[in-house]
Amino acid sequence: MEIKYISPRQVYEKLTMEKCIGLMKGVFMAFAQDKAQNRLRSVLPVDSGKLMGIMPSLLEDRGAVGAKLITVFHENYKKGLPSHQGVVAVFSTEDGSLKGLCDGSAITAVRTGAVSAVATDILADRQASSLCLMGGGVQADMHLRRMKAVRDIKSVTVWCPTMEESRAFIERNEKNYPDITFTPCREGRQAAENADIICTVTASHTPVLLGDWVKKGAHINAVGACAAKDRELDSACVAASRFFCDSFNSCRAESGDYLIPLSEGVIGDDHVVCDMARLVSGKCKGRQTAEDITVFEALGLAAEDLACAHWLLEN
Ligand SMILES: NC(=O)c1ccc[n+]([C@@H]2O[C@H](COP(=O)([O-])OP(=O)(O)OC[C@H]3O[C@@H](n4cnc5c(N)ncnc54)[C@H](O)[C@@H]3O)[C@@H](O)[C@H]2O)c1
């Protein structure tokens, strides 16, 4: 049997930003209509900082069922390799046949920023123009592009563990955005304190963003921490926010940003306002006042990967 395979290059070429944002909205609408199912990722630790994840899901309206198989090796950037590597396998719900495989590294890279763009477009102030990126890896690149697509970003502050990395990020990206002013920051506070939108896209296990630093009215995409013991936001930041997530089930199982302040008694179990299905379908209100600090907690859903892979294999 010959297996159809979509390479990283094909993913980046075909899965344009507009296309992917549209696909992600479609996934959340499918959840709102009970036409999608998602299972929590099953995680097998390989070694310190290394894991293997399996993420199954079903998209009934597309006749697709499948799973992403992905390794996450956080130290890979030191070798010039992506932290996430794998495949998304798509099967037919009609006869169970394998429709094909798509590169999982590229799909993860592209869809994660697209989901944040959907959340930001709903939650962030319409006039938001300053962006803070905490982290300077693949997702920082993607989030810069995606935030620029949904808001007129004029200035970007960048905080990474080293100034060298912040400067390398800026050098890599600034030629594509001549109308944006980029500033590398030695301290997280300096990067975050005047930002309208903050994206935390680090592999940190402990908070990189403190509530004290966040101005009223800001929107935060918390993307990097995807395990119950890990977090990027401190408890004060979460407590001060109107808090949204991609999926309730994922949030309750995988979100240290939510579970740690919950265990401390700083927030209650009603702190999550709603998930993306309710937000995208308009069943729940996002920002209520100009002063609200909104957080979108992204754990990453198998259905997002499957929707991208299914579309790539069909088109
Ligand atoms: N929520 C989702 O759907 C989703 C999807 C993809 C990736 N992620 C997560 O987002 C994070 C970034 O992914 P990426 O692909 O950009 O990875 P990457 O390896 O390209 O970049 C990682 C970044 O985190 C920084 N970092 C590493 N350790 C740190 C620490 N202790 N404190 C502060 N910063 C630290 C690195 O310097 C680098 O800037 C990872 O944790 C990844 O698992 C989440």
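Per chain, the residues get numbers from 1 upward, laid out in the order the sequence is written. Per-residue local features are limited, in this predicted model, to residues with pLDDT of at least 70; the limit for side-chain atom pairs, both in listing and counting, is 80 or more; totals at the level of whole chains, interfaces and linings are taken over all residues. Computation of side-chain values covers all heavy atoms of the structure but excludes hydrogens and water.

We now examine the site of the ligand. For this description, a residue counts as near a given molecule or strand if any of its non-hydrogen atoms is within 4 Å of it. Near the ligand lie 24 residues; those nearest to it are R111, G136, Q139, E165 and A298. For this analysis, a polar contact is any N or O atom pair within 3.5 Å, provided that within protein one partner can donate a hydrogen and the other can accept it, and provided that sequence-adjacent residues contribute only side-chain to side-chain pairs. One of the backbone N or O atoms of V138 is found 3.0 Å from an oxygen atom in the ligand. Interatomic distance of 2.8 Å between a backbone N/O atom of Q139 and an oxygen atom of the ligand. The Shrake-Rupley method, run with a 1.4 Å probe, gives the accessible areas here. Residue values count only the displayed protein chains as cover. Starting from 850 Å² of accessible surface for the ligand in isolation, the protein chains cover 87%. When residues of the shell around the ligand are assigned to their parent elements, the largest contribution, three residues, is made by helix α3 (residues 104-123). Residue type decides the class: Asp, Glu, Lys and Arg count as charged, Ala, Val, Leu, Ile, Met, Phe, Trp, Tyr, Cys and Pro as nonpolar, and the leftover types, Gly among them, as polar. Its residues placed into classes, the shell around the ligand shows nine nonpolar, 13 polar and two charged. Domain boundaries shown here were taken from an automatic or database domain assignment. Three or more residues apiece are contributed to the shell around the ligand by two domains, here domain 1 (5-108 + 303-314) and domain 2 (125-301). Strands here mean DSSP runs of E at least two residues long; helices mean DSSP runs of H or I at least four residues long; both are numbered from the N terminus.

Attention now goes to the nonpolar core. Here, the term nonpolar core denotes a set of buried Ala, Val, Leu, Ile, Met, Phe, Trp, Tyr and Cys residues that are joined through side-chain atoms within 4.5 Å. Under the scheme applied here, a residue whose accessible area is under 20% of the maximum for its type counts as buried, over 50% as exposed, and between as partly exposed, the area being computed with a 1.4 Å probe on protein chains only. The biggest cluster of nonpolar side chains holds 63 residues, and the ones touching the most others in it are L15, M24, L131, L144 and V156. The biggest single contributor to this core is α3, with nine residues. Of the domains in this structure, domain 1 (5-108 + 303-314) and domain 2 (125-301) are the two that each give at least three residues to this core. Any pair of residues with heavy atoms lying within 4.5 Å of one another is described as a contacting pair. Excluding its chain neighbours within four sequence positions, the residues that come into contact with L131 are L144, M147, I153, S155, V156, T157, A195, I197 and C199. In this structure, C132, A191, A195 and V208 belong to the second largest nonpolar core, which totals 28 residues.

Taken domain by domain, the protein chain consists of domain 1 (5-108 + 303-314) and domain 2 (125-301). Look at where the C-alpha atoms of domain 1 and domain 2 centre, and you get two points 22 Å apart. Accessible surface is computed with a 1.4 Å probe, and the buried area is the amount of it that two parts give up when combined, taken over both parts together. Summed over both partners, the interface of domain 1 with domain 2 comes to about 1,600 Å²; 65% of that surface belongs to carbon and sulfur atoms. Looking at the side of domain 1 facing domain 2, the largest losses of area belong to M17, F28 and R41, adding up to 35% of the total buried there. A pair is scored as a salt bridge if a Lys or Arg side-chain nitrogen falls within 4 Å of a carboxyl oxygen belonging to Asp or Glu. At the junction of domain 1 with domain 2, the criterion picks out one salt bridge. Among the ionic pairs, R41 bridges to E254, the shortest N-O distance being 2.9 Å. Taken together, the links from domain 1 to domain 2 amount to six residue pairs in polar contact (both at pLDDT 80 or more). Of all the elements in the fold, those that place two or more residues in the side of domain 1 that touches domain 2 are α2 (17-32) and α11 (302-314). Considering every element that reaches the side of domain 1 that touches domain 2, the biggest residue donor is α2, with six residues.

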